[in-house]
Amino acid sequence: MSSRQASLSSTFSRKSCVEGGTRSSPHTSGHLLHTIIKQLTTIGFYPSNDSTTSFLECSVWSPQSVESFLQNSCLPFLEFAATLRQHVYNSPLPARPDIPQSAPDGSSCSPSADPVNQDCQKWFRTLCTYLGLIKEDTASDSPSEQALNWLDQNPHSIVKGWLNFVMTCKNRPVVMELLTSPVKWYMPRLLELPTQYDTIFQHYRNMTCPQCSQPPVAPSICLICGSFVCFKEVCCLAHSGVTHSKQCGSGTSVILDINASIVAIIRGKRATLWGSVYLDEHGEEDRDLKRGKPLYLCRERYMMLEQQWLSHNFDYVCKRWIFHSDQL
């Protein structure tokens, strides 16, 4: 779809929502969508330049698309809630139809004649009925309006609060650019390491401490944020491993000792040596670099380290802990 066609299509859908919203009940999603689009159009939130089409211009704004997005976004939560109800009350769980997992963009529940999408909408109704959110004989085209009740009796007050915040950002180009750009979230990851260990060693071995301007005995880097850490130093506590673990990971940090090629884990008042993620050509570690063999990144080990960090599993995997007494 060209930029011009996307702009015309979205403009037409917005006009349809505004006209339809004025005829709907004040508490329906259609009327709330009408309020939002009307206010955003007034402050110039939608770009009028046909040469640049934001993700808002490419979106189809209609009560049906909002209903589909709400259903698809709530399906994972409803499935967890239904599983919990089954275990607590021993009530038979309805059979899940053979449909793809819910996508965050609402694609699997978009209104169409596709049997997969119809099964997805039926599954939403089945879960809401099983959890007692809607009655079994409900024939509404927007079951989410009945299942997902607003905590506030006047949802317009909440919506207007959101819109007032957008109004304050109207004259701030940076904020407006963020609001009109699609956001893609990624899972937390450890630092991307080079394949050859010599690259890290040559880069950090002569680096000085930013606090005392002296080369530390054990130069290290935090594998979570990439900061340079004075490991095993007590002269500059501001850049010590323990201090950094509190600032970076609320007491937990994953630190690579450059001169030893060893990963150390600091966890609260304890610490342990995890091992090395760099191995020689025979798959062996070279602790303290005594053998001087070329070392290469073992991606399997690094993925294991990352998974243990993500799952907070160090307490169960690492067995030899010591109390560091703030000396790291």
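These figures come from a predicted structure and were not determined experimentally.

Observations regarding the overall build of the protein chain
Moving on, step 1. Across its full length, the protein chain carries 11 helices and eight strands.
Moving on, step 2. Across the 328 residues of the protein chain, 38% fall into the buried class.
Moving on, step 3. In the protein chain, of all internal contacts separated by at least 6 residues, the share reaching a separation of at least 24 is 58%.
Moving on, step 4. For the protein chain, the computed accessible surface area is about 19900 Å², with 56% contributed by carbon and sulfur atoms.

Some remarks on the nonpolar core
Moving on, step 1. Counting residues in hydrophobic clusters, the biggest one holds 24 residues, and the most contacted among them are L223, V263, V277, L305 and F314.
Moving on, step 2. Only α8 (197-204), β3 (252-257), β4 (262-267) and α10 (299-310) provide two or more residues apiece to this core.
Moving on, step 3. With 12 residues, the next largest nonpolar core counts L78, A82, W123 and A147 among its residues.

Some thoughts on the sheet that holds β3
Moving on, step 1. Here six strands make up an open sheet; going across it, the order is β2-β1-β3-β4-β5-β8 and the pairing antiparallel. Of all strands in the sheet, those bounded by a partner on one side alone are β2 (228-231) and β8 (322-323).
Moving on, step 2. Inspection of the sheet shows β3 paired to β4 by six bridges, in the antiparallel sense. Across the sheet, I255 pairs through a bridge with A264, a residue of β4.
Moving on, step 3. Relative to strand β5 (residues 270-275), α10 is tilted by about 155 degrees, and along the sheet it contacts β3, β4 and β5.

Some words on helix α9 (residues 241-249)
Moving on, step 1. Buried residues of α9: G241, V242, H244 and S245, and no others. Take α9 and look down its axis: the buried residues cluster within an arc of 160 degrees, on one side only. Turned more than 90 degrees off the buried face of α9, the exposed positions are K246 and Q247.
Moving on, step 2. Remark: S250 follows α9 within two positions and exhibits a positive phi of approximately 55 degrees.

Considering the side chain of S91
Moving on, step 1. Structurally, the position occupied by S91 is in the loop between α3 (63-89) and α4 (115-130).
Moving on, step 2. Residues within four places of S91 in sequence aside, it is in contact with R85, Q86 and Y130.

Section: the environment of E67
Moving on, step 1. Note on placement: E67 falls in helix α3.
Moving on, step 2. The class for E67 is buried, based on a relative accessible area of 5%.
Moving on, step 3. Considering only alpha carbons, one finds E67 and P143, 76 residues apart in sequence, at a separation of 8.3 Å.

Details of the packing of aromatic side chains
Moving on, step 1. Applying the stated rule across the entire model yields two aromatic pairs.
Moving on, step 2. The interplanar angle of 65 degrees and the centroid separation of 4.9 Å between the aromatic rings of Y197 and Y278 together place this pair among those described as edge-to-face. One end of the pair, Y197, is in helix α8; the other, Y278, is in strand β6 (residues 278-279), and 81 residues separate them in sequence. Note on accessibility: Y197 and Y278 belong to one class, buried.
Moving on, step 3. Geometry around Y130 places R85 over its ring, the cationic atom sitting 5.4 Å from the centre.

Things to note about the environment of Q71
Moving on, step 1. Tracing the chain through its elements places Q71 in helix α3.
Moving on, step 2. Judged by relative accessible area, which is 4%, Q71 ranks as buried.
Moving on, step 3. Placed 72 residues apart in sequence, Q71 and P143 show a C-alpha to C-alpha distance of 8.7 Å.

Comments concerning the pattern of salt bridges
Moving on, step 1. Scanning the model with the defined rule gives eight salt bridges in all.
Moving on, step 2. Taking the shortest distance from any N to any O, the salt bridge between E285 and R287 comes out at 3.0 Å.
Moving on, step 3. Salt bridges linked by common partners bring R267, R270 and D315 together as one network.

Description of the confidence of the model for the protein chain
Moving on, step 1. Averaged over the protein chain, the pLDDT score is 77; the fraction of residues at 70 or greater is 72%.
Moving on, step 2. Predicted confidence is poor over residues 1-14, with pLDDT under 50, and the contacts of this stretch with residues over four places away or in other chains come to 20 contacts.
Moving on, step 3. Throughout residues 102-113 the model reports pLDDT below 50, and contacts reaching past four residues in sequence, or to other chains, amount to 33 contacts.

The rules behind each value
- Residues numbered from 1 in each chain as written.
- Predicted model: local features only at pLDDT ≥ 70, side-chain atom pairs only at ≥ 80, totals over all residues.
- Heavy atoms only, no water.
- Helix = DSSP H or I, 4+ residues; strand = E, 2+ residues; numbered from the N terminus.
- Buried < 20%, exposed > 50% of the residue type's maximum accessible area, 1.4 Å probe, protein only.
- Contact = heavy atoms within 4.5 Å.
- Areas by Shrake-Rupley, 256 points an atom, 1.4 Å probe, with all protein chains shown as cover.
- Core = buried A, V, L, I, M, F, W, Y, C linked by side-chain atoms within 4.5 Å.
- Pairing = 2+ DSSP bridges.
- Axes fitted to C-alpha atoms, helices over the stretch in contact; angles between N-to-C directions.
- Arc of directions from axis to C-beta.
- Phe/Tyr/Trp six-rings, centres within 6.5 Å; stacked < 30°, edge-to-face > 60°.
- Lys NZ or Arg CZ within 6 Å of the ring centre and 35° of its normal.
- Salt bridge = Lys/Arg side-chain N within 4 Å of Asp/Glu carboxyl O.
- pLDDT = per-residue confidence, 0-100.

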